[in-house]
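Overview (structure and organization)
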Amino acid sequence: MRGRDRELAGVLLAAGNASRFGGEKLLCPLPDGVPLGIAAAAKLGRAIQTNVAVVRRGDVALRARLRTLGFDVVVNPGAHMGMGTSIAVGVGAARRAAGWLIALADMPWINPATIREVGSRLEAGASVVAPVHQGKRGHPVGFSNKWADQLLGLSGDKGAQGLIAAAGDEVELFDTDDSGVLLDVDLPEDIPRTGKQ
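What comes next concerns the included structure. (Residues numbered from 1 in each chain as written. Predicted model: local features only at pLDDT ≥ 70, side-chain atom pairs only at ≥ 80, totals over all residues. Heavy atoms only, no water.)

Remarks on the overall build of the protein chain
Across its full length, the protein chain carries 7 helices and 8 strands. At 15 Å, the protein chain has a C-alpha radius of gyration in line with the 16 Å of a compact globule built from 197 residues. Classification of the 197 residues of the protein chain by burial places 51% in the buried group. Intrachain contacts of the protein chain at a sequence separation of at least 6 include 70% that bridge at least 24 residues. Per element, the accessible surface of the protein chain, about 9200 Å² overall, is 49% carbon and sulfur. Taken as two groups, the 22 positive and 21 negative side-chain charges of the protein chain have centres that lie 5 Å from each other. (Helix = DSSP H or I, 4+ residues; strand = E, 2+ residues; numbered from the N terminus. Rg over C-alpha atoms; globule rule 2.2 N^0.38 Å. Buried < 20%, exposed > 50% of the residue type's maximum accessible area, 1.4 Å probe, protein only. Contact = heavy atoms within 4.5 Å. Areas by Shrake-Rupley, 256 points an atom, 1.4 Å probe, with all protein chains shown as cover. Lys, Arg positive; Asp, Glu negative; His and termini not counted. Charge placed at Lys NZ, Arg CZ, Asp CG, Glu CD.)

Observations regarding the pattern of salt bridges
Within this structure, the stated rule accounts for 6 salt bridges. Of the charged contacts, one joins Arg56 and Asp59 as a salt bridge, the two residues approaching to 3.1 Å between their closest N and O atoms. Linking Glu172 and Arg121 is a salt bridge whose minimum nitrogen-to-oxygen distance equals 2.9 Å. Here Arg121 lies in helix α4 (residues 112-123) and Glu172 lies in strand β8 (residues 171-175), a separation of 51 residues in the sequence. What makes Glu172 partly exposed here is its relative accessible area of 29%. (Salt bridge = Lys/Arg side-chain N within 4 Å of Asp/Glu carboxyl O.)

Overview of the packing of aromatic side chains
Here the structure, examined in full by the defined rule, presents 1 aromatic pair. An angle of 70° between the planes, with centres 6.5 Å apart, marks the rings of Phe143 and Trp147 as edge-to-face. Across the pair, Trp147 and Phe143 agree in class, each one buried. (Phe/Tyr/Trp six-rings, centres within 6.5 Å; stacked < 30°, edge-to-face > 60°.)

Focus on helix α1 (residues 36-47)
Compared with the 16 Å implied by 1.5 Å per residue over 12 residues, the 18 Å span of α1 between its first and last C-alpha is a close match. Lining the buried residues of α1 we find β1 (8-14), β2 (51-55), α2 (60-68), β4 (99-104) and α4. (Expected span 1.5 Å × (residues − 1).)

So, the environment of Ala98
Take Ala98: it is sitting in the loop between α3 (83-93) and β4. Distance from Ala98 to Ser86, taken between C-alpha atoms, is 19 Å for residues 12 residues apart in sequence. Contact partners of Ala98, with chain neighbours within four places excluded, come to Arg6, Glu7, Leu8, Ser144 and Asn145.

A closer look at the nonpolar core
Core analysis: the largest hydrophobic core is formed by 60 residues, its most contacted members being Leu12, Leu66, Trp100, Phe143 and Leu151. Excluding its chain neighbours within four sequence positions, the residues that come into contact with Leu66 are Leu12, Ile38, Ala41, Ala53, Val55, Phe71 and Val73. (Core = buried A, V, L, I, M, F, W, Y, C linked by side-chain atoms within 4.5 Å.)

Digging into α2
Listed as buried for α2 are Leu62, Arg63 and Leu66. Projected down its long axis, α2 shows its buried positions confined to an angular sector of 100°, all on one face. Residues Val60 and Thr68 are exposed on α2 and point more than 90 degrees away from its buried face. Once α2 ends, the next one or two residues include Gly70, with phi positive near 90°. (Arc of directions from axis to C-beta.)

Here is the structure:
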């Protein structure tokens, strides 16, 4: 990771196996031709200066594309063990950051302004931050550096949900009209159905 200590870092989780999608989901083109995972990465990169992406072994093409966007790319050898391991690997690669914005590579429709708002609230002293759209908590989720040890210890498929629950009143939620914070791609038909015009 580049030596930008005490800044926020984006952590893009791009190491899922996409079993429900049936293949290389993150390189699947959106209607505008941009691959799904690259679109999500570009949004994060427009909002946060320092970013790391976590990929699986063998994702050579995805790794190359992410590097062209200025991301540091790390391989999670335990990706098959769940999203929690990818969070731990990503946070470990940016261990000296002031906090982390955990973003999902299959959510390409989040407005960069929403991502910046998460970061701004962390910089203002929030412990955990997340956007809410129409009463539902969305992504990305921001964690201050106080959660470093817990994030580094994550494993399993539930990601950071347990930490968010444990944070209780420390979680700062903000309302947004950005529906992209809830829109992910699990199946091929999700792309035309949820793609914003």
